[in-house]
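This is what each chain is made of:
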Amino acid sequence: MSWTKVLASDALSPGARQVVTVGSRKILLVNHEGQFYAVDNACPHLKLSLKKGKILNGAIVCPWHRSAFDLCTGEVKEWITWPPVVNKAMGMVSQEKQLSVYPVRVEDGSILVDVGE
């Protein structure tokens, strides 16, 4: 594993999120209920930013088409539920794909992420 220090742990208060660059990747760090998560900052559907996505039932919801992904595993919980009526056609643009998630740890007051590069 190749851990990269990305942020001081006290810089990301509960409920906060921040996009950081690790290697060639844009990673969204999320502090949800005191637990840190690191996921790609691009929805697998159309590669749009997840930074403003809501967290519901342990999943991040894409603010654009409302696909939902488990914060721990990246598993698809829902695939393109918005906009109504045309969501099925939108779903055909891209098959269901998991969101990439990355291991996170806190060490010496810093958040570290391993993106495997």
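As shown above, the structure is provided for reference.
In this report, we go over the structure that sits alongside the text. No experiment lies behind these values; they were computed from the predicted model shown.

**Remarks on the overall build of the protein chain**
The helix and strand tally for the protein chain stands at one helix and eleven strands. Counting every position in the protein chain, which comprises 117 residues, the buried fraction comes to 41%. Once local pairs closer than 6 in sequence are excluded, the contacts in the protein chain between residues at least 24 apart make up 44%.

**Section: the environment of W3**
With respect to the helices and strands, W3 occurs in strand β1 (residues 3–8). Classification of W3 by relative accessible area gives partly exposed; the value is 24%. In this structure, the C-alpha to C-alpha distance between W3 and V22, residues 19 residues apart in sequence, is 9.8 Å. Excluding residues within four positions of it along the chain, W3 makes contact with P103, V104, R105, L112, V113 and D114.

**Thoughts on the side chain of S67**
Residue placement: S67 occurs in the loop between β6 (59–61) and β7 (68–70). The contact partners of S67, leaving out residues within four places of it in the chain, are C43, I60, V61, C62, E78, W79 and I80.

**Notes on the state of the cysteines**
Enumeration over the complete set of coordinates arrives at zero disulfides. Of all cysteine sulfurs, the one in C43 lies closest to C62, which takes part in no disulfide; the gap is 3.9 Å.

**With respect to a nonpolar patch on the surface**
A cluster of nonpolar residues, L46, L48 and W64, forms a patch on the protein surface that exposes about 270 Å² of accessible area. Among the secondary structure elements, L46 is positioned in the loop between β4 (35–40) and β5 (54–56). A relative accessible area of 37% means that L46 is categorised as partly exposed.

**Regarding the pattern of salt bridges**
Overall, the coordinates contain two salt bridges when judged by the stated rule. E107 serves as the salt-bridge partner of R105, at 3.3 Å between the closest nitrogen and oxygen. Residue class for R105 comes out partly exposed when judged on its relative accessible area of 31%. Take E107: its relative accessible area is 36%, and that puts it in the partly exposed class.

Rules used in this analysis
Here the residue index of a chain counts from 1 through its sequence in written order. Only residues with pLDDT of at least 70 are given local features in this predicted model, and only at 80 or more are side-chain atom pairs given and counted; all residues enter the totals for whole chains, interfaces and linings. Derived side-chain values reflect all non-hydrogen atoms in the structure, with water molecules and hydrogen atoms excluded from consideration. In this description a helix means any DSSP run of H or I spanning at least four residues, a strand means any run of E spanning at least two, and both kinds are numbered starting from the N terminus. The classification of residues rests on relative accessible area computed with a 1.4 Å probe and restricted to protein chains. Under 20% of the type maximum is buried, over 50% is exposed, and intermediate values are partly exposed. The contact definition used throughout considers only heavy atoms, calling two residues in contact when any of these lie within 4.5 Å. The disulfide definition used here is simple: a pair of cysteine sulfur atoms within 2.5 Å. Candidate patch residues must exceed 30% relative accessible area and have no salt bridge, after which like charges are joined if within 9 Å and Val, Leu, Ile, Met, Phe, Trp or Tyr side chains if within 5 Å. Method for areas: the Shrake-Rupley scheme with a 1.4 Å probe, in which residue coverage is limited to the protein chains shown. Just to be clear on terms, a salt bridge is a Lys or Arg side-chain nitrogen sitting within 4 Å of an Asp or Glu carboxyl oxygen.

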